[in-house]
Amino acid sequence: MMRLNKVYHRSLSLLALSVSAPSPPFSFSPSSLSLSPPAFLALRPGRSAFASLKTASTMTSSRFTNLVPINALACEENGEGASNGAVSSSSSNTAPNGNEDESTLGVGYCLPPPEIKDIVDAPPLPALSFSPHRDKILFLKRRALPPLAELARPEEKLAGIRIDGRYNTRSRMSFYTGIGIHQLMPDGTLGPEKEVHGYPDGAKINFVTWSLNGQHLAFSIRVDEEENTSSKLRVWVADVETGNARPLFQSPNIYLNAVFDNFVWVNNSTLLVSTIPLSRGGPPSKPLVPAGPKIQSNEQKNVIQVRTFQDLLKDEYDEDLFDYYTTTQLVLASVDGTVKEIGPPAVYTSMDPSPDGKYLLISSIHRPYSFIVPCGRFPKKVDLWTTDGKFVRELCDLPLAEDIPIASNSVRKGMRSINWRADKPSTLYWVETQDGGDAKVEVSPRDIVYTQPAEPLEGEQPAILHQLDLRYGGISWCDDLLALVYESWYKTRRVRTWVVSPGSEDSSPHILFDRSSEDVYSDPGSPMLRRTPNGTYVIAKISKENDGSTYILLNGSGATPEGNIPFLDLFDINTGNKERIWQSDKEKYYETVVALMSDQKEGDMCLDQLKILTSKESKTENTQYYILIWPHKQACQITNFPHPYPQLASLQKEMIRYQRKDGVQLTATLYLPPGYDPSKDGPLPCLIWSYPGEFKSKDAAGQVRGSPNEFAGIGPTSALLWLARRFAILSGPTIPIIGEGKEEANDRYVEQLVASAEAAVQEVIQRGVAHPNKISVGGHSYGAFMTANLLAHAPHLFCCGIARSGAYNRTLTPFGFQNEDRTLWEATTTYVEMSPFMSANRIKKPILLIHGEEDNNPGTLTMQSDRFFNALKGHGALCRLVILPFESHGYASRESIMHVLWETDRWLQKYCVSNNSDVNADVDPTSKDDSSKGATDSKSEAAAASGGGGPEASHFECEELHPRLNCQSLATRW
């Protein structure tokens with residue numbers, strides 16, 4: 001799974017936005033802040049998160065000293081207190097003689113040793129969300145890991161999404177248990193907590209969102225009631241000054257439909273809400289006998305290549321069920337109780353008010369549906385309405401998109417990325433491809449960006465804002481004199497930033513930055529955004545006294561050979577000159593700029609009155625937040641979070657550099673247990689946990705990413721938990737798979753994988769921290785694929801392996817995987833040689849396979865682990881397969897997580913810690929792998945490597961359902 005900088009996510013539901021524009025070529029419109037160390041997220045004021053992020057739980061206090069923020073206001077997937085499932089302790093499977101009782105190893109859920117369990121069970125602390133005006137902070141109180149019973153609830157798997165029919169929302173939602181409000185004083189201190197009150201005891205709170213003026217909160221409430229009563233979501237509103245909460249609708253029969261979009265503030269007092277139609281009856285009944293066989297046909301000989309999407313529609317009954325749960329009636333509801341239905345019922349997927357609140361941009365999907373692609377590719381209609389529900393015009397009605405090529409940078413035909421200009425009251429912009437959406441087609445321009453008023457004059461045609469030869473990547477708006485347009489091309493890793501003047505026909509666009517996305521050392525940073533009175537976000541212009549130049553702020557990660565040193569530059573947009581006005585400490589701390597806090601007024605911001613929110617952390621000190629005030633850059637600390645796992649507070653962390661035998665520079669983060677001294681304690685058992693990545697150049701692959709001073713975040717299934725078991729942990733050693741020029745990286749995958757692993761193992765042995773015979777390897781998703789390959793092709797390096805939720809047979813993903821966009825038939829040799837399933841006979845070292853039984857990630861079907869285990873067992877390999885009921889690609893319930901940790905610890909103790917034999921003892925000398933030769937395939941030249949990334953490179957287009965989201969932008973940013 002793609003590492004998202006300590007932020008966990010589900011592949012189909014992610015909203016992670018920052019308050020500086022993402023690094024080119026990506027853009028978005030953020031707003032009110034919610035924070036989660038070491039990352040923060042921003043949600044547009046007036047709307048709740050469209051997506052769901054993993055969260056956790058319930059501990060509260062009236063003071064900041066007991067808080068730690070989280071990921072998103074939607075607060076979905078992961079939560080609940082102590083498990084109510086049956087579990088056994090880690091010693092429950094031990095016989096009286098001290099040996100394992102093999103007869104009980106497959107019975108019940110187990111708990112890991114206390115030193116691991118206590119870290120995972122530490123109560124999570126409330127989330128934080130700043131108001132749009134940055135004068136108040138919400139404390140959103142959370143729960144812990146959910147019990148397995150919640151994941152076991154019935155769910156409908158329809159068109160690539162999973163729906164909880166009882167709630168009529170996405171399944172597996174977590175929730176908040178309470179909301180507290182604090183005033184943020186000018187000096188940075190907090191006023192007393194004011195509890196939001198009035199909702200039922202035991203209420204589960206979701207989708208918390210500020211009104212545009214920050215005077216109200218809107219959120220959903222659900223209460224688990226008896227089976228014969230409804231537990232669907234209702235919308236509530238709260239007065240921020242008093243904390244009084246009440247239902248938005250007086251009628252108890254109006255429920256929220258939160259399968260797609262849920263509600264959005266149209267103005268300071270009115271919400272547009274997706275509701276379940278009042279006329280809806282019960283769900284359709286599945287016929288006992290089908291009307292006929294299931295038939296798919298391609299008699300037209302169309303070329304349609306798709307990835308291995310899951311949870312697709314299967315028949316007409318599924319189509320009817322999808323319509324039943326997703327059909328919405330839009331309702332305008334005022335906080336004074338006025339209610340008005342607008343538009344007919346339909347499958348609405350997004351609703352976006354114009355900045356002036358006069359228009360609504362409404363997206364919906366409709367039939368004909370598809371049995372081979374998810375709902376993001378269904379026919380899509382985008383209409384323009386007035387905010388009182390009057391139809392204005394149809395912008396587009398896109399046909400079913402089953403034929404989007406698998407090549408990276410391929411897109412849907414027709415209008416896409418339709419949005420409002422953030423700097424205008426009601427001006428639309430969008431992009432249209434000129435290559436038919438096929439990245440393999442050579443054409444100039446490739447994309448054209450258009451703008452047009454919401455209601456153009458008769459005969460008025462859309463205006464061309466800019467023409468691009470690469471693929472459009474977003475726009476950061478400022479005003480009529482300035483906007484930044486981003487474009488990129490994954491095959492070459494090229495990214496460009498253009499300066500355009502939207503309101504000037506005489507000004508020609510010019511390139512501001514032209515660089516490689518892989519070259520992190522050259523990243524100039526992203527423009528900081530400021531809030532407008534309409535609640536949108538635009539590039540902040542900065543003025544200096546007695547200086548007429550146009551300045552913006554560039555917020556950069558500051559990658560260097562010594563690690564990241566974040567910075568804030570004052571950048572002259574006309575001359576390109578820049579002045580560094582702030583930089584992180586680099587000796588002990590890692591600091592970042594989070595957001596502007598002085599953006600309440602209109603117009604340019606004065607440099608001497610600048611106020612920003614920063615974060616600060618170190619190897620052993622967790623993230624704290626500060627307000628930094630110019631001109632003297634006075635810092636006021638506003639948080640004092642306790643250490644989340646004090647038992648590991650003195651862990652040792654070091655970013656190390658070493659070299660692969662072909663000269664490629666590699667990096668990794670080495671963690672050692674508290675108090676460990678190699679000269680006194682000797683070498684330790686070691687766990688190497690990683691995830692390969694593709695690069696176009698050796699120089700870029702060798703660049704240092706991350707900071708040695710970042711705090712060590714430990715998630716519930718993190719490899720760092722084994723620091724508590726006195727392991728050395730080599731976390732994230734770079735495993736670059738490089739394809740320079742026209743060379744395809746995967747054609748030499750095994751060779752480069754083994755070379756990178758050899759270099760990492762040699763380094764930890766040479767440092768004296770790892771015992772040569774006690775080095776294990778593990779990974780999740782593509783990291784599990786890596787693990788299996790290493791045990792097959794480099795058995796001399798490792799004593800055992802742990803592979804979670806992986807794919808092992810690439811012939812089961814014939815139309816591409818991860819960043820490979822050639823098909824099985826174009827690169828047969830590569831597919832076969834990369835597949836550890838094909839080398840199952842070579843695997844002699846113990847391998848633990850773990851997989852969620854309900855894995856919905858494209859490419860990593862649970863069947864992959866089943867078949868791989870059978871192949872291993874058929875060759876007598878020492879192996880174990882653990883299938884987790886009800887779990888998906890990532891694991892969520894307390895029972896499952898604890899059991900995964902128990903299984904992993906048992907495996908490491910038995911086959912790593914207790915391994916006293918040479919790692920080469922079980923290696924068959926007659927089956928030596930000839931990995932040094934690599935793999936080539938003469939059948940095909942390089943097609944563009946797949947962009948984006950993530951768990952097995954999901955190609956589900958979030959943007960197609962919700963135009964404000966861009967999967968590739970978000971995944972790449974984080």
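Each chain carries its own residue numbering, running from 1 in the direction its sequence is written. Predicted model: local features are reported for residues with pLDDT of at least 70 only, side-chain atom pairs are reported and counted for 80 or more only, and whole-chain, interface and lining totals are derived from all residues. Hydrogens and waters are ignored; side-chain quantities use all the structure's heavy atoms.

Before going further, it helps to examine the pattern of salt bridges. Each reported salt bridge corresponds to a side-chain nitrogen of Lys or Arg within 4 Å of a carboxyl oxygen of Asp or Glu. Enumeration over the complete set of coordinates arrives at 46 salt bridges. As a salt-bridge pair, Lys136 and Glu241 come within 3.4 Å of each other at their nearest N and O atoms. With Lys136 in strand β6 (residues 136-141) and Glu241 in the loop between β14 (234-239) and β15 (245-247), this residue pair connects regions lying 105 residues apart in the sequence. Note that Arg367 and Glu319 form a salt bridge whose closest N and O atoms lie 3.8 Å from each other. Of this pair, Arg367 sits in the loop between β20 (359-365) and β21 (380-386) while Glu319 is found in helix α3 (residues 316-326), placing the two residues 48 residues apart along the sequence. Remark: exposure states derive from per-residue accessible area (1.4 Å probe, protein chains only) relative to the maximum for the residue type, with buried under 20%, exposed over 50%, and partly exposed in between. Judged by its relative accessible area of 11%, Glu319 falls in the buried class. The network of salt bridges with common partners includes Arg416, Asp435, Glu442, Arg446, Asp447 and Arg471. Comment: elements are numbered from the N terminus, with helices defined as DSSP H or I runs of at least four residues and strands as E runs of at least two.

This part takes up the pairing of strand β44 (residues 665-672). Burial runs high along β44: 7 of the 8 residues are buried. Note that strand β43 (residues 652-659) and β44 share 8 bridges and pair antiparallel. Bridge pairing in β44 places Gln659 opposite Gln665. DSSP calls a pair of strands paired once it identifies at least 2 bridges connecting them. Between β43 and β44, which pair antiparallel and follow one another directly, the connecting turn spans 5 residues, one of which, Gly663, has a positive phi of 95°. Where β44 and strand β47 (residues 728-731) come together, 3 bridges link them in antiparallel fashion. Looking at β47, one finds that Thr669 is bridged to Ser731.

Note on terminology: a nonpolar core comprises buried Ala, Val, Leu, Ile, Met, Phe, Trp, Tyr and Cys residues joined through side-chain atoms within 4.5 Å. One finds Tyr749, Phe798, Ile847, Phe868 and Leu872 to be the most contacted residues of the largest nonpolar core, which totals 62 residues. In terms of residue count, helix α6 (residues 749-766) provides more of this core than any other element does, 9 residues in total. Counting 38 residues, the second largest nonpolar core, distinct from the first, contains Trp689, Leu720, Phe727 and Met898.

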